Structures are given as C-alpha cells and as structure tokens.
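Close look at the chain arrangement
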Amino acid sequence: MISNEPGVRLAGHFERSREALVGLLEKDTGWTDQDVDATASILDNVAYWILYLESNHQHIQFDDLQTWRGYFFEDQTTLSRLRRRLVSAAVNGRTAVLRDRLLRRAELALSPEYSRLQHELSLAYERLGALTAQAEERQSALAQRLGFDSRGSRPAVVAYMGLRRVASAQRRAQVHQAFVAARDETLAEACGVVDRIAVLHRGLATLKGVDTPLQASLAGSSVAEDVAAAFIDDYLRVALTDTGELTAEISEALGETVSPPLDAHFGRYLAHLAGGRSTIYLPFQGCITLASDVASRLFGVTCSTLSVEQNETVLVVVADREGRELGRIQINLQGGARSSLTPNLTISAHDLPLEEAGISVPIAMISCRFSGRGRARVLNLQNVHSLLHEFGHAVNHVLLTHRVGSPSGLDHLPIERVELMSMWFERWAFSEDLADHCALSSPKRADFALAVKVKGLEYRLSQLERGALAGVDLLVNGSSSLPVRIAHEQLCEQHPGLREHVALGDLIAYQSWPMLREKPGAYFSYLWSAAESAALSMSAVEGDLASVATSLMACLDPSVPSPTVPAMAAVKYYRQSRFAAAVG
C-alpha cells in the first residue's frame, strides 16, 4: 500500500486520473486542444506523483506504484490508443507543440528498447533504495548499542541528537566515523548501481537523439555544460572558504579544536548556541498571511484565504486586479503524529476542473506539517521555511501563462529556473516581516533571531555537500561520463580540502532524489536558483522590489535567456547580519 499520508491522499488521485484518461481515450469525437491539454495534465501529474512517492522509500511499497506506472506509461494498449488519438487530433498553435511532445513520448515508450531501459532503470533505483534502507538499519542498530534514542527518527537525526551530548571532540569524531563505517559497508555495490543507472540514462538519451543525459536535461536551457561546470567550480571555491571559517567559529565557540567533517560537532555547537532555549513556534495564520502579502506586493494579485476546518484544509484563491480568478492554492494541514512522516511538498494539478464550482483553473496542493498547541496551529521555523518554499512553487504554477501540462506546472521552464520562485519565497522566513505578521513580542523576537541564525548555519554546513553533489552529478551524466567513484576523486583533486568534508558515501543516497532521477546531470540548477534568488533577495532588502518583481516575472517566460548569476551570492547570503544574532 501507499502508506504515508500524501500517498494515501494520492491513491485516489491515481484512480481518478485513470478514469479521466479512459474517458478521453474513449470519446466518440476527435480530440481538440482541450483534450490534448487534459491528457498532458493527467500524464505529467501522475509521473510527478510516482517520482515523489518512490523517493520516500521508508513509507512506500514499490509494487503498488508499479501498477500505476505500468498502466500510464508502459501498457502497450494504452500507449497505442493514445498515439492514434494524438495523430488525428485537430489542434494548432501552442497545443500543436504540446501534441507533438506527447506523441514523441508515446512513440518512444512504444519502442521495445525504451521499455527495456525503463524497466532496468526502475529495478536499479529499487536496488539503490534497498541498499540505502539497509545502511540506515545498520546505523540504527549502532545507535541502539551506543544508547542513543532512535525511536521514530532517521539515523542521521539520531546521530546528530546523540552527538550533542558527547563532550569530547575526539570522541564525537570517533562515533561519527563509526556511523559512516556502518553506512558504507555496501558502498562498493551502491557505487556499482549508480554507475549502472548512469549507463541506462545514457541509453535513454541516445533514444531521445542526444549524446548525454545532461543534454536531455538541459533541453530548453540557455546554460551550456561548460558554463554549468564553471559555476560549480566557483561555488565550491567560495563554499570551501566559508566552511573553513565555520570550522574556526565552531572551534572557538566550543573551546576545543574541531576537524572535518563538521557533522560530528555541529549538533554540539547548536546546543551551545541555544543555551537551553526552547524552540520557537510561529502561528500558521501569520505565516500564510505573509506569503499572500508578498505575492500581492510583488505581482499585484489578491490572495483570499478560506479555512475549511473539517477537512484540515486552507484554500487560497488568487485573483488579478480586476478580480478574475487566476488559480487556487489548497493547503492540506497535517498535525499530530502524522506530521513527522513527510516534508512539506507541493503537488500541482494543471487545470483540473473543480466540479462543485463548475470552473477550471490551475490548482496547486501543498502538504503542510504543523504542531497543535491548544487550538492553534503553529510551525517551527523549518516548516515555515518549507511552507513558504512550496507557496512559491504554487504561485509560480498559478501565474504561468505558457503551459505545457507539466506535473508541477514548471517543466516548460529551463531547468535552472524551476526552483527560483520557491527559493525567493522561502527567504522571507528569515525576515522581520515574518516576525511582524506573527506579532512576536520582544522576547519571542530574540528567540526568532536565534532560530534564523541556526537556520543560516545549517545552510552553511550543507553548502559543500550540495556543491560536491552537483559536481559529481555533472561529471557522471555529462560529456565526461565518469564512474561515480572516479568523479568524486577528480572533484576532490580539483578542490583541495573537499575530501575531508564530503566523502563519496555522503552523496550516494541522493542519487534517488526526484531532481537527480528526472534531470540527471542538472543538479547544479538547484545551486543556480539558490544564487539567483539570494541575489534578488538582497536587492529586495535594499528596497529594489520593483526590479525583483520584473526579474521574477521574466523567469516565467521560457523565451527569455537565463541571466548569468554569481555563485558567491548563494554563500554570501548567509553571512548577512540577520544570520549573526548575538546569543548569550
């Protein structure tokens, strides 16, 4: 069964999507523009749902998902009927382009070689997921032997919490290394699986008429491979310098010399900074009001919030200046025990009809975790950050005008822009505007400032790992086509000091992330969006909101080339004064 909360909710979506597709395929009349649009929406939404659910290996049974993948993307009868419908469809203009894309996809899927490669790819990812799960089981067993509380948490979190209580830097390093050794017992096999996945992606790229998986991922992008490689190199150089400074800061704060990897000491450092302060929680209503106000200030839209208490749902209706509805953002609230199962996420439904209202508009669904305190819904800063990120995706989806029926409403955009709007919105989690919207008292503002500082430190800690992941991904799936172990080795040789901070085993589990599965070679785009959104955010702080709005609206137009962005902006952002609150 699909056992996590979004999965349970999506099970009904899969069935309704199947029924909708059957209805389209069995129409008595020929297909029109509207039918092609609806078909694209169904197929791309289902593809996204499967991709997301498969990445959550702890709560998903793959056999159940294979049933849906088989029907929508592998069943020869369904694909043949779809191809016949598309060939005879009476469409023109934008829809003709969309029809051609769907037709190429169907014809490709009907190819025996394509089916073979996709089947082997699915098996390879399933094996990688199993190896990752086994590694976590070994780490959990180690945590129990060490007396760490491992109930209901992933091993990385268990180790983080347990190491906070270890006073000696040397002992922390030893325990951390033991967790790494437990994880890496099957590293050789996992690397072999990752290399096999890369070979299969190259086979699929060949069928698509390009030389590398990266070329397929960069379709529609103005960023060339050499530009992406130079960006990653710049990012790693700046991040290495900043990580060296972070190492010195941790050593000074703890009064002892710490050495890489910093994961061993970071929990202890944050506990020192917190000084026993409790976690700050922010009211959901204040957070969603801030998000709506930012959208209004930036794009001139109005966001009306309706609360449906019985279904734990909040509906945000987005309209233009004339009151015409542009779309809806449905926020499904998850509290209590279920809130720990899944992160916030956005699932978009392109132009799905709201039968009860008799209208058809873009709809984005956000799953939002919260804590219940009395009758109030409150969120910690991590979940506020995630909520604002997903709200950005949702606004992007609603504002798009050149649609191609993609799963999140974003696939028509160049890959380097997919995360730009969401990352721009998430940065408001660090603003005084959020404190104002939540009406925080002076003592609470001090707690908020500490939470912002901690969040900034967490990002600084993760920068090198993200940069290394982008570099290895490019070397494996780009023109170099290197095995993953050699790619990591080459990257470490190019960037002295990287090896001490980022081991090969740190990167393997990420290979099953949706971004790396769907766009192999293009993980650099995450860092690209991080740098561009950081630069835009710093411009907004300086009062230049009009130019920020212009830039964000331009990012929705695929015909506009992507601007060159300085990699250092992503790192510089977290060195601003707002992330340097004094603590005592």
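Before any of the text, the structure's been laid out above.
1. A few points about the overall build of the protein chain
In terms of helices and strands, the protein chain carries 24 helices and 10 strands. Each of the 584 residues in the protein chain was classed as buried or not, and the buried ones make up 55%. Put simply, 74% of the contacts in the protein chain that link residues at least 6 apart link residues at least 24 apart.

2. Things to note about the packing of helix α13 (residues 284–299) against helix α14 (residues 381–399)
In the contact formed by α13 and α14, the axes pass within 11 Å of each other and the chain directions differ by 35 degrees. Helix-helix and strand crossings are classified by hand; for α13 and α14 the assignment is right-handed. For the pair α13 and α14, the contacting residues are Phe 284, Cys 287, Ile 288, Leu 290, Ala 291, Ser 292, Ala 295 and Phe 299 in the first and Val 384, Leu 387, Leu 388, Phe 391, Val 395 and Leu 399 in the second. Of the residues in the contact of α13 with α14, the class split is 13 nonpolar, 1 polar and no charged.

3. Description of helix α7 (residues 155–163)
Residues of α7 that are buried: Pro 155, Val 158, Ala 159, Gly 162 and Leu 163. All buried residues of α7 project into a common sector of 120 degrees when viewed along the axis, lining one side. In this fold, the buried residues of α7 make contact with α6 (112–146), α8 (169–183) and α12 (263–274).

4. Brief notes about α13
With 16 residues, α13 ought to run about 22 Å at 1.5 Å a step, and its terminal C-alpha atoms sit 23 Å apart, in line with that. Restricting attention to buried positions, one finds in α13 the residues Phe 284, Gly 286, Cys 287, Ile 288, Leu 290, Ala 291, Ser 292, Val 294, Ala 295, Leu 298 and Phe 299.

5. Overview of the environment of Val 454
Tracing the backbone shows Val 454 in helix α17 (residues 442–477). Given a relative accessible area of 18%, Val 454 falls into the buried group. Separated by 185 residues in sequence, Val 454 and Tyr 269 have C-alpha atoms that sit 10.0 Å apart.

6. Considerations on the packing of aromatic side chains
All told, the structure shown has 17 aromatic pairs when counted by the stated rule. A centroid spacing of 5.6 Å and a plane angle of 5 degrees characterise the contact between Tyr 523 and Tyr 526, whose relative ring orientation is stacked. When sorted by exposure, Tyr 523 lands in the same class as Tyr 526, which is buried. Linked through ring pairs, Phe 14, Trp 68, Tyr 71, Phe 72 and Phe 73 together constitute an aromatic cluster. Residue placement shows Arg 427 over the ring face of Tyr 573; its charged tip is 4.3 Å from the ring centre.

7. Re the environment of Asp 506
For Asp 506, the location among the structural elements is in helix α20 (residues 505–508). The spacing of Asp 506 and Ala 468 is 38 residues in sequence and 9.7 Å in space, taken between C-alpha atoms. A distance of 2.7 Å separates the side chain of Asp 506 from the side chain of Arg 183, its partner in a polar contact. Among the polar contacts listed, one links the side chain of Asp 506 to the backbone nitrogen of Ala 503, at a separation of 2.8 Å.

8. Here we look at unusual backbone geometry
The peptide bond linking Pro 260 to Pro 261 adopts the cis configuration, its omega dihedral lying at 0 degrees. Within the secondary structure layout, Pro 261 lies in the loop between α11 (225–254) and α12. Phi at Ala 439 takes a positive value of approximately 50 degrees, unusual for a residue other than glycine. Here Ala 439 shows up in the loop between α16 (432–437) and α17. Even without a glycine there, the phi angle at Ser 481 is positive, about 50 degrees. Within the element layout of this structure, Ser 481 appears in the loop between α17 and α18 (484–494). With relative accessibility at 27%, the residue Ser 481 sits in the partly exposed group.

9. What about the pairing of strand β8 (residues 363–369)?
When you tally the buried positions in β8, you get 7 out of 7 residues, the bulk of the element. Side chains Ile 363, Met 365, Ser 367 and Arg 369 of β8 all project onto a buried face; the interleaved residues Ala 364, Ile 366 and Cys 368 project onto the opposite face, where all are buried too. Pairing of strand β4 (residues 325–334) with β8 involves 7 bridges; the strand directions are parallel. Bridge pairing links Asn 332 to Ser 367 in β8.

10. Concerning the nonpolar core
Formed by 65 residues in total, the largest nonpolar core has its most connected members in Val 484, Leu 498, Ile 508 and Phe 524. The leading source of residues in this core is helix α9 (residues 187–207), at 9 residues. Contact partners of Leu 498, with chain neighbours within four places excluded, come to Leu 236, Leu 240, Leu 464, Ala 468, Leu 491 and Cys 492.

11. Observations regarding the environment of Ala 141
Structurally, the position occupied by Ala 141 is in helix α6. C-alpha separation for the pair Ala 141 and Phe 179, spaced 38 residues apart in sequence, amounts to 10.0 Å.

12. A few points about the packing of α8 against α12
Following both chains from N to C, one finds α8 and α12 inclined at 130 degrees, their axes separated by 8 Å at the closest point. Regarding the angle of α8 to α12, the classification is oblique. Contacts from Ala 169, Arg 172, Ala 173 and His 176 in α8 reach Asp 263, Ala 264, His 265 and Arg 268 in α12. Considering only residue class, the contact of α8 with α12 consists of 3 nonpolar, 2 polar and 3 charged.

13. Some words on the pairing of strand β3 (residues 313–319)
Within β3, 7 of the 7 residues are buried, which leaves it mostly tucked inside the rest of the structure. Residues Thr 313, Leu 315, Val 317 and Ala 319 point to one face of β3 and Val 314, Val 316 and Val 318 to the other, with burial holding for every one of them. The pairing of β3 with β4 spans 7 bridges and is classified as antiparallel. Looking at β4, one finds that Leu 315 is bridged to Gln 330. What sits between the antiparallel neighbours β3 and β4 is a turn of 5 residues, in which Gly 323 has the positive phi angle 90 degrees.

Criteria and thresholds
- Residues numbered from 1 in each chain as written.
- Predicted model: local features only at pLDDT ≥ 70, side-chain atom pairs only at ≥ 80, totals over all residues.
- Heavy atoms only, no water.
- Helix = DSSP H or I, 4+ residues; strand = E, 2+ residues; numbered from the N terminus.
- Buried < 20%, exposed > 50% of the residue type's maximum accessible area, 1.4 Å probe, protein only.
- Contact = heavy atoms within 4.5 Å.
- Axes fitted to C-alpha atoms, helices over the stretch in contact; angles between N-to-C directions.
- Left-handed = near helix turned anticlockwise from the far one by under 90°.
- Nonpolar A, V, L, I, M, F, W, Y, C, P; charged D, E, K, R; others polar.
- Arc of directions from axis to C-beta.
- Expected span 1.5 Å × (residues − 1).
- Phe/Tyr/Trp six-rings, centres within 6.5 Å; stacked < 30°, edge-to-face > 60°.
- Lys NZ or Arg CZ within 6 Å of the ring centre and 35° of its normal.
- Polar contact = N/O pair within 3.5 Å; in protein donor to acceptor, adjacent residues only side chain to side chain.
- Pairing = 2+ DSSP bridges.
- Core = buried A, V, L, I, M, F, W, Y, C linked by side-chain atoms within 4.5 Å.
- Parallel < 35°, antiparallel > 145°, perpendicular 65-115°, else oblique.

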